[in-house]
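Read off the chains here:
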Amino acid sequence: QVQLVESGGGLVQPGGSLRLSCAASRSSRSIIVMGWYRQAPGKQRDLVAIITITGGSTNYADSVKGRFTISRDNSKNTVYLQMKSLNAEDAAVYYCSARDIAGGTYWGQGTQVTVSS
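All residue numbers refer to position in the chain's written sequence, counted from 1. Where totals are concerned, whole chains, interfaces and linings use all residues; where local detail is concerned, this predicted model gives features only for residues with pLDDT of at least 70, and gives and counts side-chain atom pairs only at 80 or more. Side-chain descriptors were evaluated using all non-hydrogen atoms of the structure, hydrogens and water having been removed beforehand.

A word on the environment of Ala61
Selection criterion: Secondary structure elements follow DSSP: runs of H or I no shorter than four residues count as helices, runs of E no shorter than two count as strands, and numbering proceeds from the N terminus. Whether two residues are in contact is decided by their heavy atoms: any pair within 4.5 Å suffices.
With respect to the helices and strands, the residue Ala61 is situated in the loop between β6 (58-60) and β7 (68-73). Counting along the chain gives 14 residues from Ala61 to Leu47, while the straight-line C-alpha distance between them is 6.4 Å. In this structure Ala61 touches Leu47 and Val48, once residues within four positions along its chain are discounted.

Here's what the structure looks like:
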């Protein structure tokens with residue numbers, strides 16, 4: 001079992017930046033992909049960005065391309081999401097996710113991002 005702990009959410013003004021972190025409870029050679037999803041009130045949970053653990057390949061939702069950057073530090077079992085030029089549409093609960101080689105999916109508890117002046 002892998003536990004994921006997110007941090008870094010909070011309140012930011014429009015146009016501001018935040019960096020989210022997601023730490024896995026243990027090193028797992030079986031984790032192949034980690035990513036970030038977000039869910040706004042009344043909406044479904046959507047993919048924001050994902051990254052492969054070994055090669056570092058990334059994929060982003062069109063709405064965040066050029067503004068968000070996902071990265072990982074394998075030595076710390078941690079994935080980051082650097083968010084810039086935030087706007088009201090980015091406000092949501094952000095969830096960290098990990099998928100292992102057996103197809104198992106793990107979720108963090110979520111961290112709130114609020115964009116408001």
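So, the pattern of salt bridges
Using the following cut-off: Within this document, salt bridges are pairs made up of a side-chain nitrogen of Lys or Arg and a carboxyl oxygen of Asp or Glu, the two lying within 4 Å of each other.
Within this structure, the stated rule accounts for three salt bridges. Among the salt bridges present, the one from Arg38 reaches Asp90, with a minimum N-O distance of 2.9 Å. Of the two residues, Arg38 sits in strand β4 (residues 31-39) while Asp90 sits in the loop between β8 (78-83) and β9 (92-100), which places them 52 residues apart along the sequence.

Points about the environment of Gly8
Where we set the bar: A 1.4 Å probe rolled over the protein chains alone gives each residue an accessible area, and that area as a share of the maximum for its type sets the label: buried under 20%, exposed over 50%, partly exposed in between.
Within the secondary structure layout, Gly8 lies in the loop between β1 (4-7) and β2 (10-12). Accessibility expressed as a relative area gives 34% for Gly8, which makes it partly exposed. In the structure, Gly8 is positioned 10 residues away from Leu18 in sequence and 7.0 Å away in space, judged by C-alpha atoms. Here Gly8 is in contact with Leu18, Arg19, Leu20 and Thr111, once residues within four sequence places are set aside.

A look at the pairing of strand β11 (residues 111-115)
The line we're drawing: A pair of strands is labelled paired if DSSP reports no fewer than 2 bridges between them.
Side chains Thr111, Val113 and Val115 project from β11 onto a buried face, and the interleaved Gln112 and Thr114 project onto a face without burial. Pairing of β2 with β11, which is carried by three bridges, proceeds in the parallel orientation. Among the inter-strand pairings, Val12 is bridged to a residue of β11, identified as Val115. For β9 and β11, the ladder comprises three bridges, and the chain directions are antiparallel. By the bridge assignment for β11, Tyr94 is matched with Thr111.

Purely geometric stuff here, so don't read any function into it on its own.
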